[in-house]
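Survey of secondary and tertiary structure
Here is what each chain is made of, one letter per residue.
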Amino acid sequence: MPITVRSFAKINLGLAIGLSRPDGFHGLRTVYQTVMLHDVIKVEVGRGVGIEIRSKDSRVPTDESNTCWRIADRVLRSLRQRGKVVITIDKKLPVQGGIGGGSSNAVATMFALEKALKYELPAAERLRIAAEVGSDLPLFLVGGTVLGCSRGEEVWPLPDLPSWNIVLATPNIGVSTPAAFQRWDDLVQREAKLTDNASSDRISLFSRSAFGWLTGEPTTGVPPKRGDRAETLLLDLVRAGIENDFERVVFPEYPELRDVKRVLEREGAKYASLSGSGSTVYGLFMDQAEAVRAADAMCNAGIPATATRTLSRQHYWEQMFA
Ligand code: C5P
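Cut-offs applied
- Note on numbering: residues in each chain are counted from 1, in written sequence order.
- This being a predicted model, a pLDDT of at least 70 is required before a residue's local features are given, and a value of 80 or more before pairs of side-chain atoms are given or counted; all residues contribute to the totals for chains, interfaces and linings.
- In computing side-chain values, all of the structure's heavy atoms are included and hydrogens and water are not.
- A pocket, in this scheme, is an open set of points on a 1 Å grid over the protein atoms alone with protein on both sides within 12 Å along at least 5 of 7 lines, while a cavity is a set where a 1.4 Å probe fits but cannot get out; residues line either one if an atom lies within 4 Å of a point.
- Grid points are joined across faces, edges and corners, and a volume is the space filled by probe spheres set on the points.
- Under the scheme used here, helices are H or I runs from DSSP no shorter than 4 residues and strands are E runs no shorter than 2 residues, and both carry numbers assigned from the N terminus.
- Where each domain starts and ends comes from a domain assignment, either automatic or drawn from a database.
- Residues are counted as near a molecule or strand when any one of their heavy atoms sits within 4 Å of it.
- Under this definition, polar contacts are N or O atom pairs within 3.5 Å; protein pairs additionally need one hydrogen-donor-capable and one acceptor-capable atom, and for neighbouring residues in sequence, both atoms have to be side-chain atoms.
- Every accessible area reported is derived by Shrake-Rupley at a probe size of 1.4 Å, with residue values counting cover from the shown protein chains alone.
- A molecule is counted as occupying a cavity or pocket when more than half of its atoms fall within 2 Å of that pocket's grid points.
- Amino acids outside the nonpolar list (Ala, Val, Leu, Ile, Met, Phe, Trp, Tyr, Cys, Pro) and the charged list (Asp, Glu, Lys, Arg) are all regarded as polar, and Gly is one of them.
- Think of it in three bands: with a 1.4 Å probe and only protein chains considered, a residue is buried below 20% of the maximum accessible area for its type, exposed above 50%, and partly exposed in between.
- Working rule for contacts: check all heavy atoms of both residues, and any pair within 4.5 Å makes them a contact.
- Between Lys or Arg on one side and Asp or Glu on the other, a salt bridge is scored when a side-chain nitrogen of the former is within 4 Å of a carboxyl oxygen of the latter.
- Only buried residues count toward a nonpolar core, which is a set of Ala, Val, Leu, Ile, Met, Phe, Trp, Tyr and Cys residues joined through side-chain atoms within 4.5 Å.

Each pocket or cavity is described by its volume, and for the largest pocket that value is around 1200 Å³. Contributing elements (two or more residues each) for the lining of the largest pocket: strand 1 (3-20), strand 2 (26-46), helix 1 (67-79), helix 2 (101-117) and helix 4 (177-195). Ranked by residue count, the leading element in the lining of the largest pocket is helix 4, at five residues. Composition of the lining of the largest pocket by domain shows at least three residues from each of domain 1 (3-160) and domain 2 (165-313).

Let us look at the site of the ligand. Around the ligand, the neighbouring residues are Gly24, Phe25, His26, Leu28, Gly134, Ser135, Arg151, Thr177, Pro178 and Phe181. Between glycine 24 and the ligand, the recorded distance is 3.5 Å, taken from a backbone N or O atom to an oxygen atom. Compared with its free state, where it exposes 450 Å², the ligand has 70% of that area covered by protein. If you map the ligand onto the pockets, it falls in the largest pocket. Elements with a contribution of two residues or more to the shell around the ligand: strand 2 and helix 4. Ranked by residue count, the leading element in the shell around the ligand is helix 4, at three residues. For the shell around the ligand, the residue count by class is four nonpolar, five polar and one charged. For the shell around the ligand, the domains that each give at least three residues are domain 1 (3-160) and domain 2 (165-313).

Turning our attention to the environment of leucine 141. Along the polypeptide, leucine 141 turns up in the loop between helix 3 (123-133) and strand 5 (145-149). Under the relative-accessibility criterion, leucine 141 is labelled buried at 17%. Separated by 18 residues in sequence, leucine 141 and alanine 123 place their C-alpha atoms 8.9 Å apart. In this view, leucine 141 contacts Val107, Met110, Phe111, Arg126, Leu127, Ala130 and Trp317; residues no more than four positions away in its chain are not counted.

Turning next to the side chain of serine 7. Summarising the element assignment, serine 7 is placed in strand 1. Looking at serine 7, its side chain comes within polar contact range of the side chain of asparagine 105, at 2.8 Å. Residue contacts for serine 7: discarding those within four places in its chain leaves Leu37, His38, Asp39, Ile41, Leu93, Gly101, Ser104, Asn105 and Ala108.

A separate point is the domain arrangement of the protein chain. Domain boundaries in the protein chain define domain 1 (3-160) and domain 2 (165-313). For domain 1 versus domain 2, the separation of C-alpha centres amounts to 23 Å. Counting residues at the interface gives 35 residues for domain 1, matched by 41 residues for domain 2. There are zero salt bridges connecting domain 1 and domain 2. Among the residues forming the side of domain 1 that touches domain 2, the class breakdown is 17 nonpolar, 15 polar and three charged.

This paragraph deals with the nonpolar core. Judged by nonpolar contacts, the single largest core of 42 residues is most densely connected at Ile71, Ile87, Met110 and Leu113. When contributions to this core are tallied by element, the ones reaching two or more residues are strand 1, strand 2, strand 3 (50-55), helix 1, strand 4 (84-90), helix 2, helix 3 and helix 10 (313-320). Contacts of methionine 110, omitting those with residues within four sequence positions, involve Ile71, Val75, Leu121, Arg126, Ile129, Ala130 and Leu141. Counting 30 residues, the second-largest nonpolar core is a separate cluster that includes Val175, Ala180, Leu187 and Tyr254.

Scanning all chains against the criterion turns up 18 salt bridges. The shortest N-O distance in the salt bridge between aspartate 259 and arginine 262 comes to 3.9 Å. Here aspartate 259 pairs with arginine 262, and both are found in helix 8 (residues 255-266), just three residues apart, close to one helical turn. Note on aspartate 259: relative accessible area 40%, which makes it partly exposed. Looking at arginine 262, the relative accessible area reads 47%, which means it is partly exposed. Here the residues in one salt-bridge network are Arg74, Glu125, Arg128 and Glu132, joined through shared partners.

Here the residue pair glycine 278 and serine 279 is connected by a cis peptide bond, since its omega of 15° sits within 30 degrees of zero. Relative to the helices and strands, serine 279 resides in the loop between strand 8 (271-274) and strand 9 (281-285). We note that serine 150 has phi near 55°; this positive angle belongs to a residue other than glycine. If you trace the backbone, serine 150 turns up in the loop between strand 5 and strand 6 (154-157).

See below:
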């Protein structure tokens with residue numbers, strides 16, 4: 001019987017990039033947040049052998065480079081199972097969009113394949129396989145609000161943030177993540193020459209700001225405003241100085257993305273940012289009608305945009321197989 005799984009997107013609420021490591025990855029720290037927008041992954045296992053990827057979207061690779069293919073191969077080997085696995089990807093999320101589409105598809109494939117085979121991998125094995133396939137996969141084994149450490153694959157569940165309205169603007173630009181990291185290294189090197197401040201620890205700074213923000217204990221000494229928790233946390237996101245380092249290298253390369261952020265802010269977003277290395281730019285809104293208006297304004301300006309909501313851990317798991 002085919003198994004169908006919703007594959008939700010994520011955004012990054014800030015992202016601090018650390019040093020380039022000997023293994024070619026960068027240390028980073030980020031707060032991931034899952035959102036309701038999703039693809040749908042269908043997995044069927046029949047007689048025979050092999051893995052086949054099907055998608056109506058021509059941008060989706062159907063060969064071994066697809067993260068769904070790579071994870072299915074690892075799951076089969078780990079469970080010592082054989083069969084003809086057909087994975088159908090109903091694509092709604094942008095490709096190379098910084099909202100974890102490919103990573104989320106892979107984790108959804110793992111869950112669906114386990115179900116289809118009627119076997120369950122131990123949690124530690126799921127985590128090992130997910131981290132092997134990509135840095136952004138393990139967060140989807142947690143869902144909701146998640147702290148990302150190391151190269152992004154070390155994940156810690158955080159208490160869920162309140163649900164916010166969100167507009168995801170997805171300009172038709174594909175940003176290469178390795179190239180964005182490379183540009184960051186170039187920038188850090190240039191700045192180090194200018195300021196002699198190579199050792200400034202962005203990760204510690206981010207951690208202090210993020211924990212101050214999440215616990216309501218600001219590091220700036222400014223007491224948090226009283227009032228609605230959802231609104232206070234949203235306003236404090238900006239005040240806490242939580243930013244995405246990728247903006248500093250991606251915006252100069254694609255100035256239209258900075259413009260998208262400005263439009264979202266003008267349309268009433270309390271906080272707007274690039275997600276991951278882009279090209280998705282999101283805005284968080286208190287008011288649903290305002291979010292819908294902002295998404296409409298973006299679409300009228302020729303930028304595909306959707307109004308949706310952030311997704312708590314509980315809803316993430318409830319809705320995955322619904
Ligand atoms: O892990 P993932 O497959 O998403 O990484 C793709 C590429 O992005 C890596 O090969 C690396 O060049 C870069 N990357 C990095 N530091 C990270 C995550 C990714 O340099 N923390």
